[in-house]
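Residue strings, one per chain:
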Amino acid sequence: MKTPHRTTIALVSGVSAVAALASCSSGAASQDTADEAVADTSAAPAEPEYADGTYTATGSYESPAGPETVGVSITLEDGMVMGVEVTPEATNPASQKFQTQFASGVADVVMGKPIEGLTVDTVSGSSLTPDGFNAALVEIAADAHA
Amino acid sequence: MRTPEVSFDAIGTRWSIHVDGPLDVVTLARVRSRIAAYDAVWSRFRDDSVVARMSREPGTYRLPAEAGPLLDLYATLGRCTDGAVSPLVARSLVRLGYDAGYSLRPAGEPEPAPAWDDVLERDGCTLVVREPVLLDVGAAGKGQLVDLVAAELRDCGIEEYVVDAGGDLVHHGGAAFRVALQQPGDPTRALGVVELDGAALCGSAVDRRAWGDGLHHVLDARTGRPTQDVVATWVVADTAMVADGLSTAHFFGDPDRLEAAFDHTYVRVHADGRVRYSLGLPGELFG
């Protein structure tokens, strides 16, 4: 499932972060606005298209306790946002809490992996359902086929 | 501590206890008796339990000490979910067929749970039951029992253990325990791995106890209908009771509100495949 663009816009605006979309290959992100980052794209067409890749930026804002920053990283694939990662960087405990909560709002695409290939001690979610429940299900299935 | 020292079936689930040495018979006997005592009070699947008596006869019922924190937790979860989580949802479950005999056949239209104050009065661990009411602590009771079993182990001098009740578990001491989060609907795949270290992990998934036509065991107490948006949750918290209760609350509640009320991390899997999770989750989700 692809995460639509608007999710990302809502996320970034939600923290009022002035985040620049600077390519990770270009090194440190500057603290520009997103609009300016679009303008920076070489030979900007009328309909700006972004190259695939991971873009990172640091947003800075003024909190009641002073200036704080938050890291944002966005992965684009075929013009779609495939992943958003928010890294809390706040020093003030209250800001830290808000940033962590904000970061937790990220909806992501998760692809299951075969459990067989994992090194784990146990599995959660595969627990036995009550014996009576399972027996009743078998009975219902039998009834359904009768 | 990788392989369980002892495994057994109780309260309808598989228990595994991992300790750093052999588990002596006295400790095991205490564990089994703790579980039996809990079941005798709270099980709605047996006629002779205290909650079964409450469902037949009004009166004043004195509950054991664990009732205090358990019912307090339910009250807080109810407030955080605007009433969606309630220990009085059992009648709605029975209505949909999830009864003591597992008829699994709906007996009528969905029915909202009664309001607590309309049927019950509580003073500490004493309940005054004004009209017969079916109390179901299924959302947090199993977690609490995991905590109580862990307390028995500590009382017997065991410092390093994992108590696992069918995927709801608590870890204490020793190396972290790696737990795969099973992908809803596919027992062979995992969505991620949690590194459990001195904490509890509980999960809830609707696919495990579904009996057709969108019927499953996680009901919204306000409507008596099964929830549709979230299909699986996991919560890591200090105690299994809180983790267990929150794993149900995350089917309904706003995660930010729940995070403000309880120190925990979570994973919520939505019906459309979206996953929402805490950044602080100890472990990883596979992207």
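Quantities reported herein were computed from a predicted structural model and do not represent experimental measurements. (Residues numbered from 1 in each chain as written. Chains lettered and ligands numbered in written order. Predicted model: local features only at pLDDT ≥ 70, side-chain atom pairs only at ≥ 80, totals over all residues.)

For the rest of this paragraph, the subject is the overall build of chain A. Helices and strands together make up the secondary structure of chain A, namely four helices and seven strands. Secondary structure elements in chain A, listed N-terminal to C-terminal, are α-β-α-β-β-β-α-β-β-β-α. (Helix = DSSP H or I, 4+ residues; strand = E, 2+ residues; numbered from the N terminus.)

Turning next to the overall build of chain B. Of regular secondary structure, chain B possesses eight helices and 16 strands. Relative to the globule expectation of 19 Å for 287 residues, the C-alpha radius of gyration of chain B, 18 Å, shows essentially globular dimensions. Each principal axis of the C-alpha distribution contributes one length, and for chain B these read about 50 × 45 × 35 Å. Restricting the contact set of chain B to residue pairs at least 6 apart, pairs at least 24 apart contribute 61%. (Rg over C-alpha atoms; globule rule 2.2 N^0.38 Å. Contact = placed C-beta atoms within 7 Å.)

All names here are of chain B. Across its 14 residues, helix H3 (residues 67-80) extends 20 Å between first and last C-alpha, which sits within 8% of the 20 Å expected from 1.5 Å per residue. For H3, the set of buried residues is Ala 67, Leu 70, Leu 71, Leu 73, Tyr 74, Leu 77 and Cys 80. Where H3 is buried, its residues touch strand E4 (120-123), helix H6 (141-155), helix H7 (240-249) and helix H8 (255-261). Directly after H3, the chain includes Asp 82, whose backbone phi takes a positive value near 55°. (Expected span 1.5 Å × (residues − 1). Buried ≥ 20, exposed ≤ 12 C-beta atoms within 10 Å, placed from the backbone.)

On to unusual backbone geometry, then. All names here are of chain B. Positive phi outside glycine occurs at Ile 11, with the angle close to 40°. In this structure Ile 11 comes out as partly exposed when scored by C-beta crowding, with 18 C-beta atoms within 10 Å. Even without being glycine, Asp 82 reaches a positive phi, approximately 55°. Relative to the helices and strands, Asp 82 is located in the loop between H3 and helix H4 (90-95). The partly exposed category is assigned to Asp 82, around which 14 C-beta atoms lie within 10 Å.

So, about the environment of Ala 232 of chain B. Mapped onto the elements, Ala 232 of chain B comes out in strand E13 (residues 230-237). On the basis of neighbour counts, which here come to 28 C-beta atoms within 10 Å, the residue Ala 232 of chain B falls in the buried class. C-alpha of Ala 232 of chain B to C-alpha of Thr 60 of chain B: the two residues are 172 residues apart in sequence and 37 Å apart in space. Setting aside anything within four residues of it in sequence, one finds Ala 232 of chain B in contact with Gly 125 of chain A together with Pro 184, Gly 203, Ser 204, Ala 205 and Val 269 of chain B.

What follows concerns the environment of Val 26 of chain B. All names here are of chain B. For Val 26, the position within the fold is in helix H1 (residues 25-42). You can call Val 26 exposed: it has 9 C-beta atoms within 10 Å. Considering only alpha carbons, one finds Val 26 and Cys 156, 130 residues apart in sequence, at a separation of 8.8 Å.

We now examine the pairing of strand E2 (residues 53-63) of chain A. On a regular strand, each side chain points to the face opposite its neighbour's, so the side chains alternate between the two faces of the sheet. Residues and elements named next belong to chain A. Two strands pair when backbone bridges link them, and E2 and strand E3 (residues 66-77) are joined in this way by eleven bridges, in the antiparallel orientation. Bridge pairing links Gly 53 to Leu 76 in E3. What sits between E2 and E3 in their antiparallel hairpin is a turn of two residues. (Pairing = 2+ DSSP bridges.)

A separate point is the domain arrangement of chain B. All names here are of chain B. Each assigned domain of chain B is listed here: domain 1 (6-36 + 143-285) and domain 2 (40-129). Inter-centroid distance (C-alpha atoms) of domain 1 to domain 2 is 21 Å. Contact with domain 1, which involves 24 residues of that partner, is made by 27 residues of domain 2. Broken down by secondary-structure element, the contributors of at least two residues to the side of domain 1 that touches domain 2 are H6, strand E11 (219-220), H7 and H8. (Domains from an automatic or database assignment.)

Let us now look at the sheet that holds E4 of chain B. Residues and elements named next belong to chain B. Taken in spatial order, the three strands make up an open sheet running E3-E5-E4, and their pairing is antiparallel. Looking at strand neighbours, the two that pair on one side only are strand E3 (59-62) and E4, the edges of this open sheet. Taken pair by pair, the neighbouring strands of this sheet meet at an average axis angle of 20°, ignoring direction. As defined by bridge partners, E3 adjoins strand E5 (residues 126-129) across four bridges and the pair is classed as antiparallel. Its bridge partner lying in E5, Thr 60 is registered against Val 128. (Axes fitted to C-alpha atoms, helices over the stretch in contact; angles between N-to-C directions.)

All names here are of chain B. Of all the five residues making up strand E7 (residues 168-172), four are buried; the element is thus mostly covered by neighbouring parts of the structure. In this antiparallel pair of consecutive strands, strand E6 (residues 161-165) and E7, the connection spans two residues, and Gly 166 shows a positive phi of 55°. Of the pairings in the sheet, the one linking E7 to strand E10 (residues 200-205) comprises two bridges and is antiparallel in character. Across the sheet, the residue bridging to Val 170 is Ala 200, located in E10.

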